[in-house]
Amino acid sequence: MNATRGLFITLDGLSASGKTTVAPLVAALLDGVHLTDGTLPTFPRTRAEVDATGILPARFHWWMMANHLKSETARALIETGRTVVVESYFPRTIATHTAMGYDCALEYPDQALVPDVPILLEVDEQVRQERLHRRAAQGTLTYWHQREEPNVAESARVYRAFGLLPVDGTDRPPEEVVRGIVDTVRSHARTALRKATFHDRN
């Protein structure tokens, strides 16, 4: 691992696992960049247009395109030494669309930037369902979320296939979850650096 290169950290997980809350906090604690879908300036409008079609393959490929844009933006940033945190990367897109019935390859695409530390944020299923019920009551649970939920076990299977590093957020305030993620990041980074140093010496 190049010591001057920044880390690329991704946070994936099921809906209502807390990704949106903790991702910017992780970036702040690591003095990094929280890279959002704002890398695509027309993101809100085009997402709404694609979602409205109801066409699953179109939605899958649109999200893959958005992930590729984040991938290349993150690549440029980490080469300058910045640490980058992305919420919901290729595993999220592939997991959700697989659960909805689309046939996806369970791997990072060719030329995509593979994260140094891929985090899987988890919460107890009862807690997650309570959060989803609140979203439904507020009218913020989308058609696509509702379409994934009956087969959410398939989403979980896909996350396992990617070998993401689990962090449990059940009954923990966001700040504590963030510290757990950062501890995982630092431990993983130290291990990778030791391996790289050993390889260079041999």
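Residues numbered from 1 in each chain as written. Predicted model: local features only at pLDDT ≥ 70, side-chain atom pairs only at ≥ 80, totals over all residues. Heavy atoms only, no water.

**Q** Explanation requested: the packing of helix α4 (residues 90–99) against helix α7 (residues 152–161) in the structure shown.
**A** Pairs of packed helices are described in terms of their axes, by the angle between the two and the distance that separates them. Relative to each other, α4 and α7 sit at 145°, their axes nearing to 8 Å. Crossing angle aside, the handedness with which α4 passes α7 is right-handed. Contacts between α4 and α7 involve Pro91, Arg92, Ile94, Ala95, Thr96, Thr98 and Ala99 from the first element and Glu154, Ser155, Arg157, Val158 and Tyr159 from the second. Taken together, the residues of the contact of α4 with α7 sort by class into six nonpolar, three polar and three charged. (Axes fitted to C-alpha atoms, helices over the stretch in contact; angles between N-to-C directions. Helix = DSSP H or I, 4+ residues; strand = E, 2+ residues; numbered from the N terminus. Left-handed = near helix turned anticlockwise from the far one by under 90°. Contact = heavy atoms within 4.5 Å. Nonpolar A, V, L, I, M, F, W, Y, C, P; charged D, E, K, R; others polar.)

**Q** Just checking my understanding: could you explain α4 for this structure?
**A** Side chains three or four residues apart in an α-helix point the same way, a direct result of the helix having 3.6 residues per turn. Within α4, 10 of the 10 residues are buried, leaving the element largely enclosed by the surrounding structure. By the burial criterion, the buried members of α4 are Phe90, Pro91, Arg92, Thr93, Ile94, Ala95, Thr96, His97, Thr98 and Ala99. Turning to α4, the residues buried within the fold contact β1 (8–12), α1 (19–29), α3 (56–79), α6 (143–148) and α7. Following α4 by one or two positions, glycine 101 adopts a phi angle in the positive range, close to 110°. (Buried < 20%, exposed > 50% of the residue type's maximum accessible area, 1.4 Å probe, protein only.)

**Q** Help me understand the nonpolar core in this model?
**A** Counting residues in hydrophobic clusters, the biggest one holds 23 residues, and the most contacted among them are Phe8, Val84, Tyr89, Phe90 and Ile94. Looking at this core, the elements that each hand over two or more residues are α3, β3 (84–87), α4 and α7. Considering every element that reaches this core, the biggest residue donor is α3, with four residues. Formed by 19 residues, the second largest nonpolar core is a distinct cluster that contains Leu7, Ala27, Val178 and Ile181. (Core = buried A, V, L, I, M, F, W, Y, C linked by side-chain atoms within 4.5 Å.)

Interpretation in functional terms is not warranted from these geometric data alone.
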